[in-house]
Amino acid sequence: MKRLIKIVFWVLFSLLGAFAYVTIAFHRQEHLNSAYILTAAICSYVIGYRFYSKWIAAKVLALNDRRATPCEVHEDGKDFVRTNKWIVFGHHFAAISGPGPLVGPVLAAQFGYLPGTLWILIGAVLGGTVQDFVILAFSMRRDGKSLGEMVKEEVNTIAGVIALVGIIAIMTILLAVLSLVVVKALAESPWGVFTVGATIPIAMLMGGYMRFIRVGKILEASAIGVILLLLAVYGGKVVYEDKEGLSKIFTLAAEPLAWIIIIYGLAASVLPVWLLLAPRDYLSTFMKLGTIFLLAIGCFFVLPDLKFPAISKFIDGSGLVVAGKLFPFCFITIACGAISGFHTLISSGVTPKIITRESYSRTVGYGAMCLESLVAIMAMIAACSLEPGVYLSMNVKGAGQDYAAIAADTVAKVNAVGFPITVDKMEQLAGEVGEHTLFGRTGGAATLAVGMVRILSVFTHNQWMDLWYHFAIMFEALFILTTIDAGTRVGRYILQDALGHIWKPLGDIRSIKSNIVASSIMVCLWGYFLIQGVRDPLGGVNSLWPLFGIANQMLSVIALSLATTIILKSCLQKINNSQQLSLSTLLKKSAPILITFIPMIWLVSVTFTAGYQKIFNDDPQVGFISQARLLESKTPLLQTDFDNAKKSGDTEKITDIEKTMKFNQTLIFTNKLDAVVTGIFITLVTIILILSAREWILLISQKREPRLRETPPVWLPDYAVVERKPIKWLGWLTLFFL
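Note that this is a predicted model, so its numbers are computed, not measured.

Focus: the overall build of the chain
Within the chain, the secondary structure is distributed over 30 helices and zero strands. Its C-alpha atoms give the chain a radius of gyration of 26 Å, near enough to 27 Å, the size a compact globule of 738 residues would have. The C-alpha extent of the chain, read off along each of the three principal axes, is 90 × 55 × 55 Å. Counting all 738 residues of the chain, 58% fall into the buried class. Here the chain displays about 29800 Å² of accessible surface, and carbon together with sulfur accounts for 66% of that area. Taking the average location of the 63 positive side-chain charges in the chain and that of its 50 negative ones, the two points are 11 Å from each other.

Some points on the packing of aromatic side chains
Counted according to the given criterion, the structure contains 19 aromatic pairs. Judged by centre distance (5.1 Å) and plane angle (75°), the rings of Phe9 and Trp10 are edge-to-face. Given a relative accessible area of 45%, Phe9 falls into the partly exposed group. Linked through ring pairs, Phe9, Trp10, Phe13 and Phe51 together constitute an aromatic cluster. Over the face of the ring belonging to Tyr49 we find Arg362, whose NZ or CZ atom lies 4.3 Å from the ring centre.

Examining a positive patch on the surface
Taken together, the side chains of Lys2, Arg3, Lys6 and Lys54 define a basic patch exposed on the protein surface. Considering every element that reaches the positive patch, the biggest residue donor is helix α1 (residues 2-26), with three residues. Its location among the elements puts Arg3 in helix α1.

Let's talk about the side chain of Glu154
Along the polypeptide, Glu154 turns up in helix α7 (residues 147-154). Ignoring any residue separated from it by four or fewer positions in sequence, one finds Glu154 in contact with Arg142, Leu562, Thr565, Ile566, Lys569, Glu695, Arg707, Leu708, Arg709 and Glu710.

Concerning the nonpolar core
In this structure, Ile377, Met378 and Trp526 are the most contacted members of the largest nonpolar core, which totals 215 residues. Leaving out residues up to four positions away in the same chain, Trp526 has contacts with Thr172, Leu175, Ala176, Ser179, Ile261, Ile262, Gly265, Ile484 and Thr488. Within the second largest apolar cluster, six residues are counted, among which are Phe642, Ala645, Ile654 and Met661.

What to know about helix α19 (residues 403-416)
Given a rise of 1.5 Å per residue, 14 residues ought to cover 20 Å, and the 20 Å separating the end C-alpha atoms of α19 matches this to within 8%. Residues of α19 that are buried: Ala407, Thr410, Val411 and Val414. Considered in projection along α19, the buried side chains sweep an arc of 95° and stay on one side of the axis. Lining the buried residues of α19 we find α18 (388-395) and α20 (423-432).

A few points about a nonpolar patch on the surface
A grouping of Met1, Leu4, Ile5, Ile7, Val8, Val11, Leu12 and Leu15 is seen on the molecular surface, where their side chains present a nonpolar patch of about 810 Å² in accessible area. Assessed through its relative accessible area of 43%, Val11 is described here as partly exposed.

Structural notes on the side chain of Ser34
Along the chain, Ser34 falls in helix α2 (residues 34-60). For Ser34, the contacting residues outside a window of four places in its chain are Cys299, Leu303, Pro304, Leu306 and Ile381.

Quick word on the pattern of salt bridges
Under the defined criterion, the tally for this structure stands at 15 salt bridges. Its salt-bridge partner being Glu75, residue Arg82 comes within 3.7 Å of it at the nearest N-O pair. Residue classification places Arg82 among the partly exposed residues on the basis of a relative accessible area of 45%. As a salt-bridge pair, Asp409 and Lys413 come within 3.3 Å of each other at their nearest N and O atoms. Placement of the pair is Asp409 and Lys413 together in helix α19, with a separation of four residues, close to one helical turn. Exposure remark for Asp409: the relative accessible area of 24% places this residue in the partly exposed category. Note on Lys413: relative accessible area 33%, which makes it partly exposed. Salt bridges sharing partners connect three or more residues here, namely Arg67, Arg141, Glu358 and Glu710.

Notes on the environment of Gly679
Note that Gly679 resides in helix α28 (residues 651-700). Relative accessible area serves as the criterion here: at 22%, Gly679 is assigned to the partly exposed category.

A short note on the confidence of the model for the chain
For the chain, the mean per-residue pLDDT works out to 84, and 93% of the residues sit at or above 70. Across the chain, helix α6 (residues 113-140) holds the top mean pLDDT of 96, while helix α30 (residues 728-737) sits lowest at 44.

Things to note about the environment of Ile377
Looking at where Ile377 falls in the secondary structure, it is placed in helix α17 (residues 360-384). The buried category is assigned to Ile377, whose relative accessible area is 0%. In sequence terms Ile377 and Gly324 are 53 residues apart; their C-alpha atoms lie 22 Å from each other. When near neighbours in sequence (up to four residues on either side) are disregarded, Ile377 contacts Ile37, Leu38, Ala41, Tyr45, Thr117, Ile120 and Leu121.

Let's talk about the packing of α18 against α20
Contact geometry for α18 and α20: axes closest at 11 Å, N-to-C directions at 80°. Taken together, the axes of α18 and α20 are roughly perpendicular relative to one another. Note on element contacts: α20 touches α18 through Lys425, Met426 and Leu429, opposite Val390, Ser393 and Met394. Classifying every residue of the contact of α18 with α20 gives four nonpolar, one polar and one charged.

As for the packing of helix α26 (residues 594-616) against α28
Contact pair α26 / α28: the axes reach a minimum separation of 10 Å and the direction vectors enclose 150°. By the criterion of interaxial angle, the relationship of α26 to α28 is roughly antiparallel. Judged by the sense of rotation from one axis to the other, the crossing of α26 with α28 is left-handed. Within the contact between the two elements, α26 uses Phe597, Met600, Val604, Phe608, Gly611, Tyr612 and Ile615 and α28 uses Ala675, Thr678, Gly679, Ile682, Val685, Thr686, Leu689 and Trp696.

Notes on α17
In a regular helix each residue adds 1.5 Å, so 25 residues correspond to 36 Å; α17 covers 36 Å between its end C-alpha atoms and thus fits that length. At Gly367, α17 shows its largest bend, some 25°. Taken across its 25 residues, α17 has 25 buried, putting it largely inside the fold.

Criteria and thresholds
Residues numbered from 1 in each chain as written. Predicted model: local features only at pLDDT ≥ 70, side-chain atom pairs only at ≥ 80, totals over all residues. Heavy atoms only, no water. Helix = DSSP H or I, 4+ residues; strand = E, 2+ residues; numbered from the N terminus. Rg over C-alpha atoms; globule rule 2.2 N^0.38 Å. Buried < 20%, exposed > 50% of the residue type's maximum accessible area, 1.4 Å probe, protein only. Areas by Shrake-Rupley, 256 points an atom, 1.4 Å probe, with all protein chains shown as cover. Lys, Arg positive; Asp, Glu negative; His and termini not counted. Charge placed at Lys NZ, Arg CZ, Asp CG, Glu CD. Phe/Tyr/Trp six-rings, centres within 6.5 Å; stacked < 30°, edge-to-face > 60°. Lys NZ or Arg CZ within 6 Å of the ring centre and 35° of its normal. Patch = residues over 30% accessible without salt bridge, like charges linked within 9 Å, V, L, I, M, F, W, Y side chains within 5 Å. Salt bridge = Lys/Arg side-chain N within 4 Å of Asp/Glu carboxyl O. Contact = heavy atoms within 4.5 Å. Core = buried A, V, L, I, M, F, W, Y, C linked by side-chain atoms within 4.5 Å. Expected span 1.5 Å × (residues − 1). Arc of directions from axis to C-beta. pLDDT = per-residue confidence, 0-100. Axes fitted to C-alpha atoms, helices over the stretch in contact; angles between N-to-C directions. Parallel < 35°, antiparallel > 145°, perpendicular 65-115°, else oblique. Nonpolar A, V, L, I, M, F, W, Y, C, P; charged D, E, K, R; others polar. Left-handed = near helix turned anticlockwise from the far one by under 90°. Bend = angle between axes of the 7 residues up to and from the residue.

As structure tokens, then:
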């Protein structure tokens, strides 16, 4: 009877999800209610976790809690630290949840809500979650080795070296973009700077409290941390309102803030995990989860209609926000909410070194990605609940010498594509959220904050919209900043893997000196691009975001090719080598590789198409080279104007033209650099794919022994398996809310 009830429940639950999907896909008449998207999302995540992830854990990975994890074997109090399951979950979720699930869906909303929503849901459940889960499990069984090291051992040395170079290059761009988005969100914002900065000493207090004062008292430390965090949020309001005192102190321009973030990244990479990284991410997760759940409840309570069409006119490549056609640029713009290569660096970086049981990798790897995908869905709903005219006015950069000219140019551009908006309406909205202007707030962060305000302010009867807006901005900054500290540490691990081949002491992750050297190099690499992005005349995000999307998805291609190789070896190891089996039989027994092979093929088609178009497309709005040529064609005319101005002796005109020429040369260099970097990414990933395919052919043809390079297992006593049962109900409760 109990089994029958379960079957009926899951059938009805699946039908509910199917109904929501059908409604989303075919609804075209009136505005769609966001409840359908939320229903489809929750049903997808729950079914995927309950059935798909469980099958992978049992049949593909064969997880065993008696097998000791790296922190059980190599506990050192710095990098390998036994950490509570839910703190690991909090750290992992905080580390992977960068700007991607927040900014990407907002930018991709210009194509309509349907393409982005389907990509987020299907891509996450079948691709991103699986990638994060299996890479975490594979790294755990190899002493927490990095992605590059695993490629070197499981594919071959050449592929490993190329992967290390490629990963470091991609990691540099990723961290630079992450940091740049933080700078853009916090620059000139004393409220955000104070509140986000306050999380650092609060986290260190929590770490010391659990380490020395009340050992292991997680709930006590959490309660203290949450209270202090709420006080920090209110303290930010006090700072913001003290216009002549504290507000001036905490109001930082973009470049000084960038240097502060660079110093923070270095410190976070070197300090012990228990002191800053884990407790800070755990603390930030409380706020993140609370805000996301509040937003989800708000959506069900308010039931906002989506003002955007299912598919917009911009799928032909004429969009004002994202240049390029629906395929492939929608799938490049939305990365972290569906599948993200950056996650694999966390799954093979900090997380495998602090997780205590193999079975926890399912909750941490698959579950955390489901939660991040929900964040992306919330961002999509928040953006699409705005009027298209408001959305475009915030994300289009107008031209002009002053505010009036910029506002008029922006409104003219938006009205020209058929979405009515007025300057008065935008000024009224800016006043409601406590901002001087909302025109040209590119990057997506401000757009998401306004969308969140429209939903969350219902709880306060449309009062305190300015408080909600600044709370949302701070929420986004926390999301992004927690990725930088973990990302820099992971980058240090990867760099030490490479430096260890040059001079062995540099590869010792337990050495403080080598840690500082590797961390400094890593921070200098991404710090350089961050400073250049801050100084970029167009704001940096415009030039670096396309590279971010392409690099991120190409990193996923590397990770999925590695996962396919390991799963193939695992399948072939189960076959009796004395038997001569047909090719069809071998392929049938190797069928589990499809869980990573199919997502990999899709990403190859997306990233390589996007990379080719970004380099060679004839449209200057899309192609780097064509944009550089267009700018170069303007140089002779600018030089002529400059010569004429010098002859006339017009000092003001000379200064303006010099500024324009410098601006033009900067853009030319940036576009050429972007083209070269994109070409390098494509070349490196192509070589790895060829070497991986060669390995697969040798394995399937039985010309190479399917030998896995796992660390010899250390088995824990029986009582260790029972350790997690007293809090099993808490896990189910958490998954229920997921």
